[in-house]
Number of protein chains: 2
Amino acid sequence: MLGAIEAGGTKFVCAIATEDGTIIEKVQIPTEIPDTTIPKVLEFFQDQRISALGIGSFGPLDVHPDSETYGFITSTPKPGWINFPFVKTMKEKLQVPVAFDTDVNAAVWGEFHAGAGKNLNSCLYITVGTGIGAGAVAERKLIHGWSHPEMGHISLRRHSDDHFPGVCPYHRDCLEGLAAGPAIEKRWGQKGDALPVDHPAWEMEAHYLAQALMQYVLILSPEKIIMGGGVMKQRHLFPLIRSKVEQLAGNFLTLPAMDTFIVPPALKDDSGAMGAILMAQQINSGN
Amino acid sequence: MLGAIEAGGTKFVCAIATEDGTIIEKVQIPTEIPDTTIPKVLEFFQDQRISALGIGSFGPLDVHPDSETYGFITSTPKPGWINFPFVKTMKEKLQVPVAFDTDVNAAVWGEFHAGAGKNLNSCLYITVGTGIGAGAVAERKLIHGWSHPEMGHISLRRHSDDHFPGVCPYHRDCLEGLAAGPAIEKRWGQKGDALPVDHPAWEMEAHYLAQALMQYVLILSPEKIIMGGGVMKQRHLFPLIRSKVEQLAGNFLTLPAMDTFIVPPALKDDSGAMGAILMAQQINSGN
Ligand SMILES: Nc1ncnc2c1ncn2[C@@H]1O[C@H](COP(=O)(O)OP(=O)(O)O)[C@@H](O)[C@H]1O
Ligand SMILES: Nc1ncnc2c1ncn2[C@@H]1O[C@H](COP(=O)(O)OP(=O)(O)O)[C@@H](O)[C@H]1O
Ligand SMILES: [Zn+2]
Ligand SMILES: [Zn+2]
């Protein structure tokens, strides 16, 4: 058996899969402080005889194998989780090898191998939820370098009608600060799921997301872009974003047909859990 | 012997190296129309008995091995070069296998293997000259996807003192349109090399370049950024850019020490030629 944790800001999804990667059990545990959440997570796995564990976690994380704080959640504003030694804790308690990456890297890895990115060499997964983050595969590998990317915090040009200051605690009006769920809620006085389809919020949202996708395209040139997270449940955003990306590409860039280029996750809400399972599988197979 | 071409907007650099990658001969041929330039290039290589040729070229290019127009320069505004079948021409005339990529991908490949990026897993090379372009290595591989990146054309927030419209024929005020050599010349009425070190041009230039580097860092997280091209001969730009990048990183990102993070090319003007030689070498060794 293989284990997976998708550690999110609001909930932990814990999953068990067979060695071939089929998820057979899944539970959700609320993200509270580590002392409350982690014992429940451990309890779930302790009966299961897993041979390896994959973790996709909210960050920022230390993903540098040589670092002393490898496997830690580092500077998160989330109370209790700062400097939490995630890998070490799991390794000690479960006595299995652990693979560790960001939630969005796990999600793109899942979609790349078993979802919308199958049979490609590259793709990008972006989540638009409580925060915004993205992970990318290029040349069949997850992109890391000095650290993991922080694609949700790029700066953008403002929409001419937008005077909202933004809510990112670090940058105020970066992509996340202008376009994640909490920004929508604060700017318009109600949550995204309560705003009607013809509300100006959506044209503005598409403006920011299309602009961000264009930066990713210019820098990474992915073959496909997969958009997930709570806000993207608003399916009418997809045609809006596609048409704005097409407009931005103009006659400068030739892109794949938009309907196949910018798509929802094929694995629905399981992209991250599946990616973490695959990471666990790859430990076992020695990659 | 191995051959290399670094095809630039103003000149072709053609080089010959030994099988172990030591450059032993190098010539420059002006970039005119193909009918003028290519025969001179062929003449240089025809006497040399090369076993493989690497090309790093100005673009945009078709770098998709499966494409019918693989190896073409595609939509360049440069007269005569649109749809030039670069790989096909060289293969037919020289009867050797040919590796083909963008000028900046060749440059980053050269620096990664033999220059400032040696012993890393990732790095980025940006040239600031007649145009702006960048290539990146992540996980020891050159990044491609749907096509090659076009990092010089990202959009930026304007400097508050800048009312120059920009000169990019596609986007007007993208990075290249605001910060490449011709933009400096047009904005200030004289070429960059004539502007004194304390001219406000340089603070503005650093503002745009630092902003661009921060987008690259957030999206790719390279371990090192190598800055080349004519404009970067202004060495005083390095400290200006480093301090602005540090400011933008703030307490959100921890980056490597700036003096080692943002650096000039170790191979001086040979980054591209060396990268093209290595590409030729890799054909021979079957990678
Ligand atoms: N159907 C919806 N339409 C618009 N916004 C939504 C919808 N569902 C959730 N959201 C917003 O998305 C955010 C939650 O994102 P989600 O991806 O569900 O969780 P998380 O990012 O915490 O893992 C909240 O700000 C919420 O208001
Ligand atoms: N020392 C310098 N200082 C500032 N700008 C320079 C300098 N040398 C060249 N440039 C500018 O850089 C551009 C040429 O870039 P370069 O990298 O030399 O060639 P190319 O990009 O055509 O291969 C021109 O716009 C030129 O004005
Ligand atoms: Zn931010
Ligand atoms: Zn442009």
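Numbers given to residues run from 1 along each chain, matching the order in which its sequence is written. Key to labels: chains lettered from A, ligands numbered from 1, both in the order written. Restriction of local features to residues with pLDDT of at least 70 applies here, the model being predicted, together with a cutoff of 80 or more for giving and counting side-chain atom pairs; totals for whole chains, interfaces and linings are based on all residues. The side-chain figures draw on all heavy atoms in the structure; neither hydrogens nor water molecules are used.

Some points on the sheet that holds strand β3 (residues 23-30) of chain A
Residue and element names in this part refer to chain A. Between any two strands, pairing holds if DSSP finds at least two bridges. Helical segments are the DSSP runs of H or I of at least four residues, strand segments are the runs of E of at least two, and each set is numbered from the N terminus. Read from one edge to the other, the open sheet built from five strands follows the order β3-β2-β1-β4-β7, with strand pairing classed as mixed. Whereas interior strands pair on both sides, the edge strands pair on one side only; in this sheet they are β3 and β7 (98-102). Ignoring which end each strand starts from, the neighbouring axes of this sheet average 15° apart. Bridging between strand β2 (residues 11-17) and β3 involves seven bridges; their strand directions are antiparallel. Bridge pairing links Cys-14 to Val-27 in β3. Pairs of residues are marked as contacts when any of their non-hydrogen atoms sit within 4.5 Å. Interaxial angles span 0 to 180 degrees and are taken between N-to-C directions of axes, which are lines fitted to C-alpha atoms, for helices over the stretch in contact. Lying over the sheet, helix α1 (residues 34-46) contacts β1 (2-7), β2, β3 and β4 (52-57), oriented at roughly 10° with respect to β2.

Observations regarding empty space enclosed by the protein
Put simply, the grid is 1 Å and covers the protein atoms alone, a cavity is a trapped set of points that fit a 1.4 Å probe, a pocket is an open set with protein on both sides within 12 Å along at least five of seven lines, and lining residues have an atom within 4 Å of a point. Grid points are joined across faces, edges and corners, and a volume is the space filled by probe spheres set on the points. A full pass over the atoms with the stated rule returns one cavity of 30 Å³ or more. Looking at the largest cavity, its volume works out to about 30 Å³. Together, A:Ala138, A:Glu139, A:Lys141, A:Ile143, B:Ala138, B:Glu139, B:Lys141 and B:Ile143 line the largest cavity. For this scheme, ten residues count as nonpolar: Ala, Val, Leu, Ile, Met, Phe, Trp, Tyr, Cys and Pro. Four count as charged, namely Asp, Glu, Lys and Arg, and the remainder, Gly too, count as polar. Taken together, the residues that form the lining of the largest cavity break down as four nonpolar, no polar and four charged.

Overview of the coordination of the zinc ion (ligand 4)
In ideal tetrahedral geometry, four donors around a metal make angles of 109.5 degrees, whereas ideal octahedral geometry with six donors gives angles of 90 or 180 degrees. Residue and element names in this part refer to chain B. Taken together, His-153 (ND1), Cys-168 (SG), His-171 (ND1) and Cys-174 (SG) make up the protein donors of the zinc ion (ligand 4), found 2.1 to 2.3 Å from the metal. For the zinc ion (ligand 4), the four donor atoms in the first shell make angles of 102 to 122° at the metal, a pattern classed as tetrahedral. In this analysis a donor is any N, O or S atom within 2.8 Å of a metal ion (3.2 Å for sodium, potassium and calcium), and since water is not included, sites may seem incomplete. Look at where the donors of the zinc ion (ligand 4) fall in the sequence and you get H-x14-C-x2-H-x2-C. Throughout, exposure labels follow a simple rule: accessible area from a 1.4 Å probe, protein chains only, divided by the maximum for the residue type, with under 20% read as buried, over 50% as exposed, and the rest as partly exposed. For Cys-174, a relative accessible area of 2% puts it in the buried group. Angular criteria define each label, namely tetrahedral for four donors with all angles between 85 and 135 degrees, square planar for four and octahedral for six donors with opposite donors over 155 degrees apart and remaining angles between 65 and 115, and irregular for whatever fails these tests.

A closer look at the pairing of β4(A)
Residue and element names in this part refer to chain A. Here β4 lies mainly inside the structure; six of its six residues are buried. The alternating pattern of β4 places Ala-52, Gly-54 and Gly-56 and Leu-53, Ile-55 and Ser-57 on opposite faces, both of which are buried. Where β1 and β4 come together, six bridges link them in parallel fashion. Within β4, the position partnered with Glu-6 by the bridge is Gly-56. Here five bridges tie β4 to β7, and the two strands are oriented parallel to one another. The residue of β7 that forms the bridge with Gly-54 is Ala-99.

Observations regarding the interface of chain A and chain B
Interface size, as often reported, equals the accessible area lost upon joining of the parts. Across the boundary between the two partners, chain A contributes 37 residues, which contact 37 residues of chain B. The quantity reported as buried area is the accessible area (1.4 Å probe) lost by two parts once they are put together, taken as the sum for both. Buried surface at the junction of chain A and chain B, both sides included, amounts to about 3600 Å², of which 59% is carbon and sulfur. Per-residue buried area on chain A facing chain B is highest for A:Trp146, A:Ile219 and A:Phe252; these three make up 23% of the total on that side. Counted as salt bridges are all cases of a side-chain nitrogen of Lys or Arg within 4 Å of a carboxyl oxygen of Asp or Glu. Our count for the contact surface shared by chain A and chain B stands at two salt bridges. The salt bridge involving A:Asp173 is made with B:Arg157; its shortest N-O contact spans 3.4 Å. Put simply, the parts of the chain that give the side of chain A that touches chain B at least two residues each are β10 (141-142) and α6 (200-220) of chain A. With six residues, α6(A) is the largest single contributor of residues to the side of chain A that touches chain B.

Overview of the relation of the copies chain A and chain B
Of the transformation superimposing chain A on chain B, the axial component is 0.0 Å and the angular component is 180°, with the fit at an RMSD of 0.0 Å. Taken together, these values place the two copies in the relation of a two-fold axis. For chain A, the minimum C-alpha distance to the rotation axis belongs to A:Arg157 and amounts to 2.9 Å. When you check the interface residues of chain A against chain B, 100% turn up at the interface there too, and the contact is symmetric in its surfaces. Least squares is the method used to superpose the copies, on C-alpha atoms of residues holding a pLDDT of at least 70 in both.

Things to note about the side chain of B:Lys224
Residues and elements named next belong to chain B. Secondary-structure assignment places Lys-224 in the loop between α6 (200-220) and β11 (225-228). One buried charged residue, Lys-224, forms no salt bridge at all, with the nearest opposite charge on Glu-111 at 8.5 Å. Polar contact is defined as a pair of N or O atoms within 3.5 Å, subject to the rule that within protein one atom must be able to donate a hydrogen and the other to accept it, and that residues adjacent in sequence are counted only when both atoms are side-chain atoms. Of the polar contacts made by the side chain of Lys-224, one reaches the backbone oxygen of Thr-260; its length is 3.2 Å. The sign given to each residue is positive for Lys and Arg and negative for Asp and Glu; His and the chain ends receive no count.

Details of the sheet that holds strand β2 (residues 11-17) of chain B
Residue and element names in this part refer to chain B. Pairing in this open sheet of five strands is mixed, and the strands run β3-β2-β1-β4-β7 from one edge to the other. Both outer strands of the open sheet, β3 (23-30) and β7 (98-102), are each paired with one neighbouring strand and no more. Pairwise comparison of adjacent strand axes, ignoring direction, gives a mean angle of 15° for this sheet. Bridge analysis of strand β1 (residues 2-7) against β2 gives six bridges, and the strand direction is antiparallel. In the sheet register, Glu-6 faces β2, and the bridge partner there is Val-13.

Digging into the site of ligand 2
Residues and elements named next belong to chain B. The near set for a molecule or strand comprises every residue that places at least one heavy atom within 4 Å of it. As a structural note, the neighbourhood of ligand 2 is formed by Thr-10, Gly-129, Thr-130, Gly-181, Pro-182, Gly-192, Asp-193, Gly-229, Gly-230, Val-231, Lys-233 and Gln-234. For ligand 2, an oxygen atom lies 3.3 Å from a polar atom in the side chain of Thr-10. Here Thr-130 contributes a side-chain N or O atom positioned 2.7 Å from an oxygen atom of ligand 2. Note on areas: these come from Shrake-Rupley sampling with a 1.4 Å probe, and a residue is covered only by the protein chains present in the view. Within the complex, 72% of the 560 Å² of free accessible area of ligand 2 lies under protein. Across the shell around ligand 2, the residue classes tally to two nonpolar, eight polar and two charged.

Purely geometric stuff here, so don't read any function into it on its own.
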